[in-house]
Amino acid sequence: MDLRQLEYFVAVAEEENFTRAAERVSISQSGVSAQILKLEREVGAELFDRSARAVTLTVAGKAALEHARAALAAAQAVGQAVGEVTGLIRGRLTVGMVIGCTLTPLFDALAAFHSAHPGVEISLLEDRSDRLVEEVRAGTIDLALIGTATAAPEGLGARTIISDRLVVAVPAGHPLAEPRRVTLREVVDYPIVCMPSGTGLRTVFDEACAAQGLRPAIALQASAADAIADLAVRGLAIAVLSESMAVPYRDRLTARTIDDLETPALLAMIWNNTHSPAVRALLVQSRHAFAK
């Protein structure tokens with residue numbers, strides 16, 4: 001057996017699907033299937049149960065998975081150790097980004113990192129913040145930019161990038177556009193369009209409402225600020241956004257800080273393992289990019 005077979009085996013085990021696994025490792029599905037069959041012949045047992053829609057591990061497959069991951073990690077560690085001695089960084093870096101994020105400094109950091117370390121293959125994945133946290137904990141993502149209600153998710157390293165108060169954004173003529181001070185109780189009197197559950201902004205909003213015994217009517221949800229703003233402009237609901245998210249729409253929406261909601265929504269870079277030279281290098285690049 002070789003490392004390529006083990007890589008394909010781990011990909012299928014984690015994706016529970018040959019097609020998605022093939023996309024992940026950037027080869028054809030038939031190529032993945034062929035290598036898995038070859039590996040099964042070599043170990044003398046079927047590693048996957050292919051009878052159902054989702055591909056699942058057999059007992060033998062479950063026994064092999066941990067060792068396959070360890071072998072791949074050991075091989076990567078060899079390359080990293082040599083790279084540190086020679087000054088080269090190679091391998092893969094998987095970066096997570098909260099859905100709807102359009103912060104160009106992150107892309108600047110990735111571009112600068114790629115220029116400095118072309119031997120590292122970069123993957124960028126979008127997902128909800130809560131899922132990204134779990135992926136970073138599990139080690140399937142190296143580091144991620146997330147929205148959060150706390151400075152650092154438990155057990156992870158973190159660096160706060162943005163700290164923003166929450167605002168309500170409404171079109172001209174709306175009752176909440178007139179007063180300078182708006183309370184959370186006044187906000188929940190209206191249908192709301194907001195980020196979905198699992199995002200940092202939504203967590204801050206939900207926890208603040210719960211603390212006051214309020215039950216907001218979340219009429220609409222969207223992962224992108226553009227969609228939230230467009231829905232609010234059309235009068236379908238009032239928008240709950242962070243201060244910086246609302247700035248691009250001030251020509252169409254009036255933003256009012258929610259006066260009694262002082263807990264900020266945070267945008268943070270999180271990581272679990274700084275033993276990786278690639279992770280350390282990208283953290284340096286991100287610090288420079290977000291400091292500009």
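These lines cover the structure that appears in this document, whether it is placed above or below. Every value quoted in this text rests on a predicted model; they were computed, and no experiment measured them. (Residues numbered from 1 in each chain as written. Predicted model: local features only at pLDDT ≥ 70, side-chain atom pairs only at ≥ 80, totals over all residues. Heavy atoms only, no water.)

**What about the side chain of His174?**
Rule in force here: Counting from the N terminus, the helices are the DSSP runs of H or I reaching at least four residues and the strands are the DSSP runs of E reaching at least two. Only protein chains enter the area calculation, which uses a 1.4 Å probe; residues under 20% of their type maximum are buried, those over 50% are exposed, and those in between are partly exposed. What qualifies as a polar contact is a pair of N or O atoms within 3.5 Å, subject to a donor-acceptor requirement within protein and to the restriction that residues adjacent in sequence count only when both atoms come from side chains. The criterion used for residue contact is that any of the two residues' heavy atoms lie within 4.5 Å.
Of note, His174 is situated in the loop between β7 (166–170) and α7 (184–187). The exposure class assigned to His174 is buried, which follows from its relative accessible area of 15%. Within polar-contact distance, the side chain of His174 engages the backbone nitrogen of Leu176 at 3.0 Å. Residue contacts for His174: discarding those within four places in its chain leaves Tyr190 and Ile238.

**Structural notes on the packing of aromatic side chains**
Applicable threshold: Stacked, edge-to-face and tilted labels apply to pairs of Phe, Tyr and Trp rings (six-membered ring for Trp) whose centres lie within 6.5 Å, assigned for plane angles under 30 degrees, over 60, and everything in between, in that order.
The full count for this structure, using the stated rule, is 2 aromatic pairs. Their ring planes at 70° and their centres at 6.1 Å tell us that Phe18 and Phe48 sit as a pair that is edge-to-face. Residue Phe18 is located in helix α2 (residues 18–25), and its partner Phe48 is located in strand β1 (residues 48–49); the two are separated by 30 residues in the primary sequence. In this pair, the class of Phe18 matches that of Phe48, namely buried. Members of the aromatic cluster, each reached through a chain of ring pairs, are Phe9, Phe18 and Phe48.

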